[in-house]
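Understanding the architecture of this molecule
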Amino acid sequence: MRSRDPLRTLLALPTVDVARGLIGWRLERSDELRCVGRIVETEAYLSEGDGASHSARGRTARNAAMYLAAGHAYVYLIYGLHHCLNVVTAPDGVGEAVLIRGLEPLEGLDEMRARRGPHVTDRDLCRGPGRLCQALGMDRALDGHDLRRAPLRLIPPECRAVDQPAGEVLIGPRVGISKATDLPLRFRAAGSQWTS
DNA sequence: AGCAAGATTAGC
DNA sequence: CTAATCTTGCTA
């Protein structure tokens, strides 16, 4: 079903379904310039039974944004070097989120190249959670930001229901984690060259 | 107060 | 394969 407010409809679903459903949505970064990418890879991070989640041991200063109402951004710094963007899910007070792991660059490629550096191929512009944050100029200033509004906004795919991903979605275990490595919480657009 | 680990990436 | 780089949260 299509709804008047696709984002609201999607975010009402369980986190795992949001992670799957976000494949095909677009992320728009409107700074001075405009950058847009299509989400092709995500991972779900849950609040219970998920040792890999930042919320596994409850609320802390870092993960506070995970406990906001669904539709906010949770942005954190990893390895002291790279930022990672999450879409907060689940009701207010429940710490769950979806990590955005890959984007297909659609608009603002020149700006992305400028931010990523001269030796980066187009395929590597937004392939990886740290890379896409650098490409779109995202950092912790956006932690807690409402993803319904500029300068960082989720845009629904056209002509399909929010719970029906565009095309086939591959499901597998999450990568880059050391706990709960076997849960099938990673989602990728099948056949996309923009995933890792 | 000190310290180890981390949802990664680039370069050798 | 390893270094980079620093914040966080746990332990003492």
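Our structure's up above, just so we're on the same page.
This text gives an overview of the structure that appears in the document.

Reading the values: rules and limits
Along each chain, numbering runs from 1 in the same order as the chain's sequence is written. Note on labels: chains are lettered from A, ligands numbered from 1, in written order. The model is predicted, so local features are restricted to residues of pLDDT at least 70 and side-chain atom pairs to those at 80 or more, both for listing and for counting; the totals for chains, interfaces and linings are taken over all residues. Just so you know, side-chain values use all the structure's heavy atoms and leave hydrogens and water out. Counting from the N terminus, the helices are the DSSP runs of H or I reaching at least four residues and the strands are the DSSP runs of E reaching at least two. Per-residue accessibility, obtained with a 1.4 Å probe over protein chains only, is compared with the maximum for each type, and a residue is labelled buried under 20%, exposed over 50%, and partly exposed between these values. Residues count as neighbours in contact if any of their non-hydrogen atoms are within 4.5 Å of one another. Calculation of accessible area relied on Shrake-Rupley with a 1.4 Å probe; when residues are assessed, cover is drawn exclusively from the protein chains displayed. Positive residues here are Lys and Arg, negative ones are Asp and Glu, while His and the chain termini are left out of the count. All charge positions are set by atom: Lys at NZ, Arg at CZ, Asp at CG, Glu at CD. By nonpolar core is meant a set of buried Ala, Val, Leu, Ile, Met, Phe, Trp, Tyr and Cys residues that side-chain atoms within 4.5 Å join together. Pairing between strands requires that DSSP locate at least two bridges from one strand to the other. In these notes, residues near a molecule or strand are those with any non-hydrogen atom within 4 Å of it. Whenever two N or O atoms come within 3.5 Å, that pair is a polar contact, provided that in protein one can donate a hydrogen and the other can accept it, and provided that, for residues adjacent in sequence, both atoms are side-chain atoms. Here, two cysteine sulfur atoms that lie within 2.5 Å of each other are counted as a disulfide. Any residue outside Ala, Val, Leu, Ile, Met, Phe, Trp, Tyr, Cys, Pro, Asp, Glu, Lys and Arg is labelled polar, Gly included; the first ten of those are nonpolar and the last four are charged. Ring geometry is summarised as follows: Phe, Tyr and Trp rings, the Trp one being its six-membered ring, pair when their centres sit within 6.5 Å, and such pairs are stacked at plane angles under 30 degrees, edge-to-face over 60 and tilted between the two. Counting as a charge over the ring demands two things of the Lys NZ or Arg CZ atom: a distance within 6 Å of the ring centre and an angle within 35 degrees of the ring normal.

Scanning chain A from N- to C-terminus turns up four helices and eight strands. Along the chain direction, N to C, the helices and strands of chain A fall in the order α-α-β-β-β-β-β-α-α-β-β-β. In terms of overall dimensions, chain A has C-alpha extents of about 40 × 40 × 30 Å along its principal axes. Buried residues in chain A amount to 49% of all 196 residues. Contacts in chain A between residues at least 24 apart in sequence constitute 60% of all its contacts with a sequence separation of at least 6. For chain A, the exposed area adds up to about 9,200 Å²; of that, 50% sits on carbon and sulfur atoms. Averaged over its 27 positive side-chain charges, chain A has a centre that lies 2 Å from the centre of its 24 negative ones.

Leu22, Leu85, Met138 and Leu154 are the most contacted members of the largest nonpolar core, which has 40 residues in total. Beyond its immediate stretch of four places on either side in the chain, leucine 22 contacts Leu10, Ile39, Thr42, Val87, Val98, Ile100 and Leu154. Membership of the second largest hydrophobic core comes to 11 residues, among which are Ala65, Tyr74, Tyr76 and Cys84.

Most of strand S2 (residues 34-45) is tucked away: 10 of the 12 residues are buried. Judged from the five bridges that link them, strand S1 (residues 26-30) and S2 form a sheet pairing that is antiparallel. By the bridge assignment for S2, arginine 29 is matched with cysteine 35. With three bridges connecting them, S2 and strand S8 (residues 186-189) associate as antiparallel partners. The residue of S8 that forms the bridge with glutamate 43 is arginine 186.

Before going further, it helps to examine the protein's contact with DNA strand B. Neighbouring residues of DNA strand B: 20 residues in total, closest His54, Tyr76, Asn86, Arg116 and Gly130. Protein-adjacent atoms of DNA strand B, using a 4 Å cutoff, are sugar or phosphate at a proportion of 48%. Contact between DNA strand B and glycine 130: a phosphate oxygen at 2.7 Å from a main-chain N or O atom of the residue. Within the side chain of serine 178, a nitrogen or oxygen atom sits 3.0 Å from a phosphate oxygen of DNA strand B. Elements with a minimum of two residues in the surface near DNA strand B: strand S3 (73-78), strand S4 (82-88), strand S5 (97-107) and helix H4 (129-135).

Turning our attention to the state of the cysteines. Formally, a disulfide is one covalent bond, and it connects the sulfur atom of one cysteine to the sulfur atom of another. All chains considered together, the criterion is met by zero disulfides. Cysteine 84 takes part in no disulfide bond, and the closest cysteine sulfur to it belongs to cysteine 133, at a distance of 6.1 Å.

On to the pairing of S5. With eight of its 11 residues buried, S5 lies for the most part within the structure. In this structure, S2 lies alongside S5, joined through nine bridges in antiparallel fashion. Bridging across to S5, tyrosine 45 finds its partner in alanine 97. Two strands pair when backbone bridges link them, and S4 and S5 are joined in this way by three bridges, in the antiparallel orientation. Directly across from valine 87, in S5, lies its bridge partner valine 98.

Let us look at the protein's contact with DNA strand C. Lining the immediate environment of DNA strand C, one finds Arg57, Thr60, Ala61, Arg62, Leu77, Tyr79, Gly80, Leu81 and Arg140. Take the atoms of DNA strand C that sit within 4 Å of the protein: sugar and phosphate atoms are 73% of them. Its residues assigned to classes, the surface near DNA strand C comprises four nonpolar, two polar and three charged.

The full count for this structure, using the stated rule, is one aromatic pair. The ring of tyrosine 76 has arginine 62 sitting right over it, with the charged end atom 5.8 Å from the ring centre. If you follow arginine 174 out to its NZ or CZ, it ends over the ring of tyrosine 45, 4.5 Å from the centre.

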